Amino acid sequence: MSKNPGGQTVSTMLPAVGRRQFLGATAAGMALTVAGTRRARAAGRSEISFASARFVGKSAVAKMIERYNSSQSKVHVSYIELPPPAQSTEVHQGLVQQLARRNGTPDVFTQDVIWIAEFAGAGWALPLDSYVAQAARKAYYPGVIQACTWQGKLTALPWFLDTGMLYCRSDLLAKAGAKIPQTWDQMVAISTQLQQAGAAKYGYLWQGKQAEVLVCNLVEVIASNGGAILGPDGKDVLIDQDPAVAAVQFMYDTIAKSKISPAEVLSWDEEPSRRPFTGGDAVFLRNWSYVDGIAQDPAQSSVAGKVEAAPLPHFANGKSAACLGGYQLGVNANTKNREAAIDFALWMSSPETQLVLASEQGLAPTRPDLLDHADLAKAQPAMSRLKQVFMGATPRPVTPRYPQVTLALQSAVSRALASGDVKSELSAAKTRIASIVAKS
Amino acid sequence: MSLSNPALRQQMRATTSASPSAVPWALILLLPAAIALGAVAVYPILNGFWLSLRDTSLATQDDNFVGLENYWLLASDPLFWNAWRHTIIFTAVATLLETLIGLGMAIILYESFVGRSLVRAAMLVPWAMPTVVTSKMFGWLFDGQNGVVNWLLKTSGLISDNINWYGSPDWAFVTIVIADVWKTAPFMALLLLAGLQTVPHSLIEASKIDGANAWATFWHVRLPQLTATLLIAGMFRALDSFRIFDLVYVLTGGGPADSTETLSTLSYKTLFSTLQFGYGSALSTVMFLTEIVIAIGFGIFIVRKMRRAS
């Protein structure tokens with residue numbers, strides 16, 4: 001490949017197919033397109049590749065790479081373009097196929113937080129402890145560092161994040177003489193009061209569809225009660241413990257008992273739950289940061305200027321929690337050019353790059369200090385108000401078997417929410433999940 | 001195949017009544033089709049079966065021969081049986097409804113009336129629509145809060161409270177059946193209409209002369225003549241609806257409470273979300289075997305019917 005000054009050819013992206021790579025080069029070739037590689041590069045540079053989902057616009061990631069390539073003269077990065085993050089199953093497949101070859105391509109990649117343990121467990125991600133000192137890790141949100149750590153080792157570098165948050169109708173809160181609720185009980189009380197007064201059709205909207213987003217809602221409610229789904233070692237299954245049972249019972253009660261949520265939430269993911277809220281029918285909504293832009297836009301929302309984002313409520317004895325999403329950086333354990341790969345990954349995670357990423361592309365920084373930055377406040381005023389929300393960032397269960405664990409959770413919790421038989425569904429889930437994580 | 005055996009050669013000559021030199025030619029001409037079929041049908045099936053005997057997982061990098069272990073796991077997996085049951089029920093109910101409604105449509109469209117050809121063409125629109133579009137459309141129609149179906153039912157006084165079509169385990173499955181019936185009944189109608197047109201007109205005239213009313217003509221003349229078509233169309237539909245995927249994937253994702261999980265959605269999740277290729281292949285193999293059983297079931301009736309006819 002070094003003989004080819006025009007950049008990598010397609011064949012170097014698709015090396016000889018091994019026995020295990022039965023999915024074959026064709027599938028990978030379809031999933032990955034080599035972009036931006038036909039650029040002349042200065043002689044003597046180290047060549048590395050960077051695989052990433054296509055965030056925001058078509059050229060957002062390519063622009064970042066260009067910025068890096070022109071900022072120094074030692075390393076040249078080429079971009080392996082993966083599908084957009086909305087097709088995360090395909091992005092996951094594309095990465096797994098590449099990494100499983102263990103041939104060092106891609107040298108650096110971006111990964112959804114829920115894949116970090118899987119890639120680390122498979123030995124595909126380079127531990128980064130010797131490159132990122134403990135003190136430097138303090139500059140990131142603790143929840144993100146937790147998600148990037150597998151068996152005590154830092155195996156991913158924080159890049160950008162998103163979390164769940166509570167959207168409130170400030171005009172309705174004023175009408176009820178209430179402040180933004182701190183606890184779930186307060187939220188139920190405010191909702192009921194406003195619903196009974198006829199000021200709002202619904203109290204609280206969330207996402208109960210049997211899908212990944214249900215697990216996000218679940219993590220938030222359980223963690224806000226001091227509980228967890230898996231213990232810190234990734235082996236203990238805690239989903240049948242009292243804090244988790246009480247949390248799922250609360251989710252069920254919002255529909256069946258307090259009736260602050262319509263039964264339709266059981267089939268809603270993000271957008272179906274967002275529409276009634278921006279249509280003015282609800283007091284509270286749990287959703288991601290993208291809703292703010294829509295809610296404040298008078299063309300798309302009938303409640304523009306009346307919406308405020310806040311940390312989600314918690315149980316009386318717990319702390320607010322926000323399910324962590326977003327993509328983080330990984331370095332291929334088999335990279336042939338470790339120094340260059342690390343340099344690029346550290347640059348991508350640096351405050352300067354994150355600030356550009358946040359101001360220009362709207363991807364929220366994983367460094368809390370940046371949210372106080374004057375430039376960001378100017379470019380993304382809504383984002384700069386979310387510092388406290390992101391403080392509650394809580395990872396989903398950290399286990400290499402996450403894809404199987406999440407399917408088991410989705411099934412069990414959806415059953416519990418439909419039947420109300422919370423305890424027995426969660427103890428069945430415990431058995432199932434225990435047998436899944438025991439193998440890892 | 002060796003043709004050196006004179007008895008065999010004799011036999012082939014007798015059955016094909018071809019000259020000896022034509023036989024190798026026939027085989028050569030068959031070769032492209034055989035290779036194509038082998039490459040796109042036989043090989044993937046055999047390879048899928050081979051994978052189902054291994055614990056291959058792309059994520060964990062396991063790849064060992066485990067014999068029938070995947071099948072034992074499958075047999076004790078409640079989620080598999082849940083999906084299997086849903087798929088069988090869906091296939092039976094959807095095929096039956098589509099056949100009945102399709103038959104009704106075919107009978108109406110067989111009669112001549114003003115604008116018949118327009119109606120015949122329009123009837124095919126639901127079937128021609130991409131299923132993802134159908135799914136999105138039904139998502140709006142059956143929306144629990146603002147859907148037009150709930151509004152109609154409520155306005156006409158049939159229900160007092162909105163039905164939670166997709167959020168309730170009892171209704172979600174029904175809604176998917178309705179969507180599938182809407183989409184594919186026209187296809188059945190088309191097949192059955194073709195069948196109806198093969199019924200000799202003389203038979204209908206004879207029955208009229210004998211004084212049979214419309215119902216008797218249908219029941220004693222048309223329907224018996226239509227049985228073979230019904231069975232073949234039913235088999236197509238059953239095998240097709242057994243693979244139901246897109247409606248479920250777009251509308252409910254298998255939920256709520258696994259109430260709409262089918263074998264196709266479950267194997268998609270197992271194969272492509274969790275990347276357990278071994279276990280997922282066992283799931284697909286069982287799916288394939290079930291389809292074979294369904295096909296054989298229909299096949300027996302079809303063959304019997306044809307024998308009787310000839």
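All figures in this text were calculated on a predicted structure; none of them were measured in a lab.

**Student:** How would you summarise the overall build of chain B if you had to cite specific residues and measurements?
**Tutor:** Within chain B, the secondary structure is distributed over 14 helices and 0 strands. Listed N to C, the secondary structure of chain B is α-α-α-α-α-α-α-α-α-α-α-α-α-α in terms of helices and strands. For 310 residues, the compact-globule formula gives about 19 Å, and the C-alpha radius of gyration of chain B, at 25 Å, lies well above that figure. Across its three principal axes, chain B shows a C-alpha extent of roughly 80 × 70 × 30 Å. Looking at chain B as a whole, 43% of its 310 residues are labelled buried. If you take every contact in chain B between residues at least 6 apart in sequence, the share linking residues at least 24 apart comes to 65%.

**Student:** So what's going on with the side chain of H76 of chain A? Residues and values would help.
**Tutor:** Residues and elements named next belong to chain A. Residue position: H76 is located in strand 3 (residues 75-82). Judged by its relative accessible area of 5%, H76 is buried. Looking at H76, its side chain comes within polar contact range of the side chain of E47, at 3.0 Å.

**Student:** Residue-level account of the sheet that holds strand 12 (residues 322-325) of chain A, with values.
**Tutor:** Residues and elements named next belong to chain A. On the basis of which strands lie adjacent, the open sheet formed by 4 strands has the order 14-7-12-15 and mixed pairing. Edge positions in the sheet fall to strand 14 (364-365) and strand 15 (393-394), since each has one partner strand and no second. Examined bridge by bridge, strand 12 and strand 15 share 2 bridges and lie parallel to one another. Residue pairing for strand 15: A322 is matched across the bridge by A393.

**Student:** Give a detailed account of the interface of chain B and chain A, specifying residues and quantitative values.
**Tutor:** Counting residues at the interface gives 36 residues for chain B and 35 residues for chain A. Applying the counting rule to chain B against chain A returns 2 salt bridges. Between D258 of chain B and R415 of chain A there is a salt bridge, with its nearest N and O atoms 2.7 Å apart. Taken together, the connections running from chain B to chain A amount to 11 residue pairs in polar contact (both at pLDDT 80 or more). A class-by-class count of the residues in the side of chain B that touches chain A yields 15 nonpolar, 15 polar and 6 charged.

**Student:** Tell me about the pattern of salt bridges, residues and numbers included.
**Tutor:** Residue and element names in this part refer to chain A. Tallied over the full model, the rule gives 18 salt bridges over all chains. Taking the shortest distance from any N to any O, the salt bridge between E220 and R286 comes out at 2.7 Å. In this pair, E220 is assigned in helix 10 (residues 212-223) and R286 in strand 10 (residues 282-287), connecting sequence segments 66 residues apart. A salt bridge links K387 to D372, with the shortest nitrogen-to-oxygen separation between them at 2.7 Å.

**Student:** Break down unusual backbone geometry for me, citing the residues and quoting the values.
**Tutor:** Here the amide bond leading from T105 of chain A into P106 of chain A is cis, since omega sits at -5 degrees, within 30 degrees of zero. Within the element layout of this structure, P106 of chain A appears in the loop between helix 4 (88-100) and strand 4 (108-112). Omega for the peptide link from G255 of chain B to P256 of chain B comes to -10 degrees, which places this bond in the cis form. The phi dihedral of Q151 of chain A falls on the positive side, at around 50 degrees, and the residue is not glycine. Mapping Q151 of chain A onto the fold places it in the loop between strand 5 (149-150) and strand 6 (153-154). Residues other than glycine seldom take positive phi values, yet D258 of chain B does so here, at roughly 60 degrees. Here D258 of chain B shows up in the loop between helix 12 (246-251) and helix 13 (263-273). Overall, D258 of chain B belongs to the buried group, its relative accessible area being 1%.

**Student:** How would you summarise the packing of aromatic side chains if you had to cite specific residues and measurements?
**Tutor:** What the rule picks out here adds up to 33 aromatic pairs over all chains. Ring centres of F160 of chain A and Y327 of chain A lie 6.4 Å apart, and the angle between their planes is 20 degrees; on these two criteria the pair is classed as stacked. Linking F160 of chain A in strand 7 (residues 160-163) with Y327 of chain A in strand 13 (residues 327-331), this pair joins segments that are 167 residues apart in sequence. Overall, the relative accessible area of 5% leaves Y327 of chain A in the buried class. Each ring, one from F138 of chain B and one from F142 of chain B, has its centre 5.6 Å from the other, and the planes form 15 degrees; the classification is stacked. An aromatic cluster is built from F55, F109, W115, F119, W124, W159, F160 and Y327 of chain A, whose rings are joined through pairwise contacts. The positively charged end of R286 of chain A is found above the aromatic ring belonging to W288 of chain A, 4.5 Å away from the centroid. R304 of chain B extends its terminal NZ or CZ atom over the ring of F301 of chain B, reaching a point 5.8 Å from the ring centre.

**Student:** Give me the lowdown on the packing of helix 10 of chain A against helix 11 (residues 242-256) of chain A, citing residues and values where you can.
**Tutor:** All names here are of chain A. Two elements in contact, helix 10 and helix 11, have axes whose closest approach is 9 Å; the angle formed by their N-to-C orientations is 120 degrees. As the angle between them shows, helix 10 and helix 11 are arranged oblique. The handedness of the crossing between helix 10 and helix 11 is right-handed. Between helix 10 and helix 11, the residues in contact are L214, N217, L218, V221 and I222 and A244, A247, V248, F250 and M251, respectively. Its residues assigned to classes, the contact of helix 10 with helix 11 shows 9 nonpolar, 1 polar and no charged.

**Student:** Can you break down the environment of Q61 of chain B residue by residue, with the values?
**Tutor:** Residue and element names in this part refer to chain B. Along the chain, Q61 falls in the loop between helix 2 (22-51) and helix 3 (69-75). Assessed through its relative accessible area of 12%, Q61 is described here as buried. For the pair Q61 and L247, spaced 186 residues apart in sequence, the C-alpha separation works out to 33 Å.

**Student:** Give a detailed account of the sheet that holds strand 9 (residues 202-205) of chain A, specifying residues and quantitative values.
**Tutor:** Residues and elements named next belong to chain A. Strand order in the open sheet formed by 4 strands is 9-10-8-11, with mixed pairing between adjacent strands. In this open sheet, the two strands that pair with only one neighbour each are strand 9 and strand 11 (307-310). The mean angle between the axes of side-by-side strands here comes to 15 degrees, regardless of whether they run parallel or antiparallel. Strand direction decides the pairing type here: strand 8 (residues 165-169) and strand 11, joined by 4 bridges, are antiparallel. Bridge pairing in strand 11 places C168 opposite E308. Contacts from helix 12 (residues 270-278) reach strand 8, strand 9, strand 10 and strand 11 within the one sheet, and its direction differs from that of strand 10 by about 155 degrees.

**Student:** Just give me the short version of the confidence of the model for chain B, but keep the residues and values in it.
**Tutor:** Residues and elements named next belong to chain B. Put simply, chain B has an average pLDDT of 89, and 94% of its residues get 70 or more. The element-level mean pLDDT for chain B is lowest in helix 1 (residues 6-16), coming to 57, with helix 4 (residues 78-110) highest at 95. In the predicted complex, the global pTM is 0.85; the interface-specific ipTM is 0.83.

**Student:** Tell me about the pairing of strand 4 of chain A, and name the residues and values.
**Tutor:** Residue and element names in this part refer to chain A. Among the 5 residues in strand 4, 5 count as buried, and that is most of the element. With 5 bridges connecting them, strand 4 and strand 13 associate as antiparallel partners. Residue Q111 lies in a different strand from strand 13, and its bridge partner there is Q328.

Analysis parameters
- Residues numbered from 1 in each chain as written.
- Chains lettered and ligands numbered in written order.
- Predicted model: local features only at pLDDT ≥ 70, side-chain atom pairs only at ≥ 80, totals over all residues.
- Heavy atoms only, no water.
- Helix = DSSP H or I, 4+ residues; strand = E, 2+ residues; numbered from the N terminus.
- Rg over C-alpha atoms; globule rule 2.2 N^0.38 Å.
- Buried < 20%, exposed > 50% of the residue type's maximum accessible area, 1.4 Å probe, protein only.
- Contact = heavy atoms within 4.5 Å.
- Polar contact = N/O pair within 3.5 Å; in protein donor to acceptor, adjacent residues only side chain to side chain.
- Pairing = 2+ DSSP bridges.
- Salt bridge = Lys/Arg side-chain N within 4 Å of Asp/Glu carboxyl O.
- Nonpolar A, V, L, I, M, F, W, Y, C, P; charged D, E, K, R; others polar.
- Phe/Tyr/Trp six-rings, centres within 6.5 Å; stacked < 30°, edge-to-face > 60°.
- Lys NZ or Arg CZ within 6 Å of the ring centre and 35° of its normal.
- Axes fitted to C-alpha atoms, helices over the stretch in contact; angles between N-to-C directions.
- Parallel < 35°, antiparallel > 145°, perpendicular 65-115°, else oblique.
- Left-handed = near helix turned anticlockwise from the far one by under 90°.
- pLDDT = per-residue confidence, 0-100.

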